[in-house]
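Letter by letter, the chains look like this.
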Amino acid sequence: MNYVEALNVTKKYNQEQLLKYYDRLSEIEKVELLRQIANIDWSLLAILKKEKREHQRGVLEPLDAIETQEIQQKKDIFYQTGMKAIQEGKVAAVLLAGGQGTRLGFDKPKGMLNVGETKELFLFEQLINNVTEVAKAADTWIPFYIMTSEKNQTDTINFFEENHYFGYPKEYIKFFMQEMAPSVDYNGKILLEGYGRISLSPNGNGGWFSSMKKSGVLEDAKHRGVIWFNIFSVDNVLQKIADPLFIGATIENGNVSGAKVVKKVEPEERVGVLCKEDGKPAIVEYYEMTNEMLTAKKENGDLQYSFGVTLNYLFHLDQLEDILNDEMPTHVVEKKIPYLNEQGNLIKPDQPNGYKFEQLVLDMIHMLDNCLPYEVIRKEEFAPIKNRTGVDSLESARLLMKENGIPL
Ligand code: UTP
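Residues numbered from 1 in each chain as written. Predicted model: local features only at pLDDT ≥ 70, side-chain atom pairs only at ≥ 80, totals over all residues. Heavy atoms only, no water.

**Brief notes about the overall build of the protein**
Threshold: Strands here are runs of E lasting at least two residues and helices are runs of H or I lasting at least four, both read from the DSSP assignment and numbered beginning at the N terminus. Each radius of gyration is computed over the set of C-alpha atoms, and the globule rule expresses the reference value as 2.2 Å times the number of residues to the power 0.38. Note on exposure labels: buried denotes an accessible area under 20% of the residue type's maximum, exposed denotes more than 50%, and partly exposed covers the range between, all computed with a 1.4 Å probe on protein chains only. Any two residues whose heavy atoms approach within 4.5 Å at even a single point are treated as in contact.
Scanning the protein from N- to C-terminus turns up 15 helices and 19 strands. Over its C-alpha trace the protein gives a radius of gyration of 22 Å, about what one expects of a compact globule, namely 22 Å for 408 residues. Each of the three principal axes of the protein carries a C-alpha extent, and together these read 70 × 50 × 40 Å. A buried classification covers 53% of the 408 residues belonging to the protein. A separation threshold of at least 6 residues defines the contact pool for the protein, and within that pool the share at least 24 residues apart is 75%.

**What to know about the pairing of strand β13 (residues 280–284)**
To keep it simple, the criterion reads: Following DSSP output, two strands are said to pair if at least two bridges run between them.
By the criterion of burial, β13 is predominantly enclosed, with four of the five residues buried. As defined by bridge partners, strand β12 (residues 273–277) adjoins β13 across five bridges and the pair is classed as antiparallel. Across the sheet, the residue bridging to Glu-277 is Lys-280, located in β13.

**Observations regarding the nonpolar core**
Most often, soluble globular proteins keep nonpolar side chains buried together rather than apart. For clarity, the threshold we go by: Definition of nonpolar core: a set of buried residues of the types Ala, Val, Leu, Ile, Met, Phe, Trp, Tyr and Cys, connected through side-chain atoms within 4.5 Å.
Counting 59 residues, the largest nonpolar core has Leu-95, Phe-124, Phe-144, Phe-160, Ile-173 and Ile-385 as its most contacted members. In terms of residues, this core owes the most to one element, helix α6 (residues 123–138), which gives eight residues. Those residues in contact with Ile-173 that sit more than four places away from it in its chain are Ile-128, Phe-144, Ile-146, Phe-160, Tyr-165 and Tyr-168.

**Considering the pairing of strand β10 (residues 228–233)**
Counting buried positions along β10 yields six of six residues, so the element is predominantly enclosed. In β10, alternate side chains face the same way, and those of Trp-228, Asn-230 and Phe-232 on one face and Phe-229, Ile-231 and Ser-233 on the other are all buried. By the bridge criterion, six bridges tie strand β2 (residues 91–96) to β10 in an arrangement that is parallel. In the sheet register, Leu-95 faces β10, and the bridge partner there is Phe-232.

**Regarding empty space enclosed by the protein**
Short version of the rule: Of the two site types, the cavity is a set of points on a 1 Å grid over the protein atoms alone where a 1.4 Å probe fits but cannot get out, and the pocket is an open set with protein on both sides within 12 Å along at least five of seven lines, each lined by residues with an atom within 4 Å of a point. Grid points are joined across faces, edges and corners, and a volume is the space filled by probe spheres set on the points.
Within the structure shown, the criterion is met by one cavity of 30 Å³ or more. Quantified by volume, the largest cavity comes out at close to 50 Å³. If you trace the largest cavity, you find it lined by Pro-62, Leu-63, Asp-64, Ala-65, Val-273, Leu-274, Cys-275, Lys-298, Gln-304, Tyr-305, Ser-306 and Phe-307. Here the lining of the largest cavity takes three residues from β12, the largest share from any one element.

**Comments concerning the sheet that holds strand β6 (residues 184–185)**
The three strands lie next to each other as β6-β18-β15, forming an open sheet whose pairing is antiparallel. Each edge of the open sheet carries a strand with a single partner, namely β6 and β15 (331–335).

**Brief notes about unusual backbone geometry**
Residues other than glycine seldom take positive phi values, yet Tyr-165 does so here, at roughly 55°. Along the chain, Tyr-165 turns up in the loop between α7 (153–162) and β4 (173–177). One non-glycine residue, Leu-311, lies in positive phi territory at about 60°. Within the secondary structure, Leu-311 is located in strand β14 (residues 307–316).

**Here's the deal with the pattern of salt bridges**
Applied cut-off: Any carboxyl oxygen of Asp or Glu within 4 Å of a side-chain nitrogen of Lys or Arg constitutes a salt bridge here.
Counting across every chain of the model gives 24 salt bridges. Its salt-bridge partner being Glu-32, residue Arg-35 comes within 2.9 Å of it at the nearest N-O pair. In this pair, Arg-35 and Glu-32 are both assigned in helix α2 (residues 27–38), three residues apart and thus about one turn of the helix distant. Residue class for Arg-35 comes out partly exposed when judged on its relative accessible area of 39%.

**A short note on a negative patch on the surface**
Keep this limit in mind: Residues with no salt bridge and a relative accessible area higher than 30% make up the patches, which join like charges within 9 Å and nonpolar side chains (Val, Leu, Ile, Met, Phe, Trp, Tyr) within 5 Å. Note that accessible areas follow from Shrake-Rupley with a 1.4 Å probe, and for residues the cover is restricted to the protein chains shown. Here Asp and Glu are counted as negative and Lys and Arg as positive; His is not counted, and neither are the chain ends. Charge placement uses NZ in Lys and CZ in Arg. For Asp and Glu, CG and CD serve respectively.
On the surface, a cluster of negative charge is made up of Asp-318, Asp-322, Asp-326 and Asp-369. Structurally, Asp-326 is set in the loop between α12 (317–323) and β15.

**A look at the layout of surface pockets**
Once rolled over the atoms, a probe with the size of a water molecule shows which space is left empty. Approximately 730 Å³ is the volume attributed to the second largest pocket. Lining the second largest pocket are 28 residues, and of these Gln-100, Thr-102, Phe-106, Asp-107 and Pro-338 sit closest to its centre.

**What about the state of the cysteines?**
Note the cut-off: When two cysteine sulfur atoms lie within 2.5 Å, the pair is treated as a disulfide.
Applying the stated rule across the entire model yields zero disulfides. Summary of cysteine pairing: Cys-275 is not part of a disulfide, and the nearest cysteine sulfur, belonging to Cys-371, is at 11 Å. Residue classification places Cys-275 among the buried residues on the basis of a relative accessible area of 0%.

**Details of the site of the ligand**
As a reminder of what qualifies: Residues are labelled near a given molecule or strand when at least one of their non-hydrogen atoms is within 4 Å of it. Within 3.5 Å is the distance limit for a polar contact, defined as a pair of N or O atoms, with the added protein rule that one can donate a hydrogen and the other accept it, and that residues adjacent in sequence qualify only through two side-chain atoms. In the scheme used here, Gly and all other residues not listed as nonpolar or charged are polar, with Ala, Val, Leu, Ile, Met, Phe, Trp, Tyr, Cys and Pro taken as nonpolar and Asp, Glu, Lys and Arg as charged.
By nearness alone, 19 residues border the ligand, and Leu-96, Thr-102, Gln-178, Gly-204 and Lys-386 come closest of all. One of the backbone N or O atoms of Val-234 is found 2.8 Å from an oxygen atom in the ligand. One of the side-chain nitrogen or oxygen atoms of Lys-335 is found 2.9 Å away from an oxygen atom of the ligand. Here the residues of the shell around the ligand sort into six nonpolar, 10 polar and three charged.

**Comments concerning the side chain of Ser-233**
One can find Ser-233 in strand β10. Here Asp-235 takes part through its side chain, which lies 3.2 Å from a polar atom of the side chain of Ser-233. If we ignore the near neighbours within four places in the chain, the residues touching Ser-233 are Leu-95, Leu-96, Leu-127, Gln-239 and Leu-311.

Structure below.
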């Protein structure tokens, strides 16, 4: 794209501010800015205009989970089936680490956070320790894919290199990058974060499979014979990865996907609940539930909508390929976005000041034929680090890690 083309397209979409500092840029910076403008997906701006963005939900119904008691009863068969799949090389782990972790306020990739107290123990390291445990029991390494973004790819790879992949064989770890989307202010104007740099942010965790495909790492997985993908977030330090019981339960139950879920602590807990929508699996957010749904009980007194998702899913390759070309919804999310103000100074706001565009993995669930909600014990497997202190924080995760005997 040349300057005239960029001028025309920015005029067309009312985004001339993107070229405000063009004359002050070096030749290299000019080329880079034009490249960024050429890559903008302008259709995102139309999403902002849609009146009342929350979509109408279909018919919601509860979806029964396989609960811990039943898992205990069937654990031998689940373990055997899950282990067999792992040993046959059919299972891969996919770490979603492309997010920016803005709530935590840590300016490096979130996985570089040190959760140790008397020694160093990094989030990435703990996740590798978790998968290594299974790999040792299976006596085979599990392919481990890491999704990063343009913003944190170099730091992430360097960190793994410096730390010798935390003892995991390098040839089993592969990185791939997700796509970026522009951030806008409340008036829909795309923000600049430098004279020649558009404010771009990772486009949500929902595009992980298409990014795996675009980047070529999917071919690597297929070549190795992988058919099950266990995807998980970077910040739940306690989660089991490539958990044979979870894999075995999903296979034995004849499901094409599974989701690790935890029992809600109270009806109003702010978690997404796995249920059915128009007969298909779906995740309903706490604020989308009516009072009646929040408190509806089963005959045994348990809540009908009682299991919250933990961002640890298992997907079958065939279904992922089937849904690859289906359109996923794009969410408009309010965030704190660093930007250049009118005077050209970089401002790092401490309150949300605009929107990012994200696709979410939870929307993928609704595109699948079925999904098994698989209960895990919260205290043993759910310690997400979203904030510095308080709920779901470094503080709360450290306490839980110690309770689970992990030396810090
Ligand atoms: P979060 O929803 O916690 O988002 O991500 P975030 O961007 O990391 O953090 P906040 O909201 O700004 O504080 C859940 C998981 O999805 C990954 C994150 O890295 C985390 O593992 N993720 C999120 C991506 O891989 N890409 C994204 O674009 C967003």
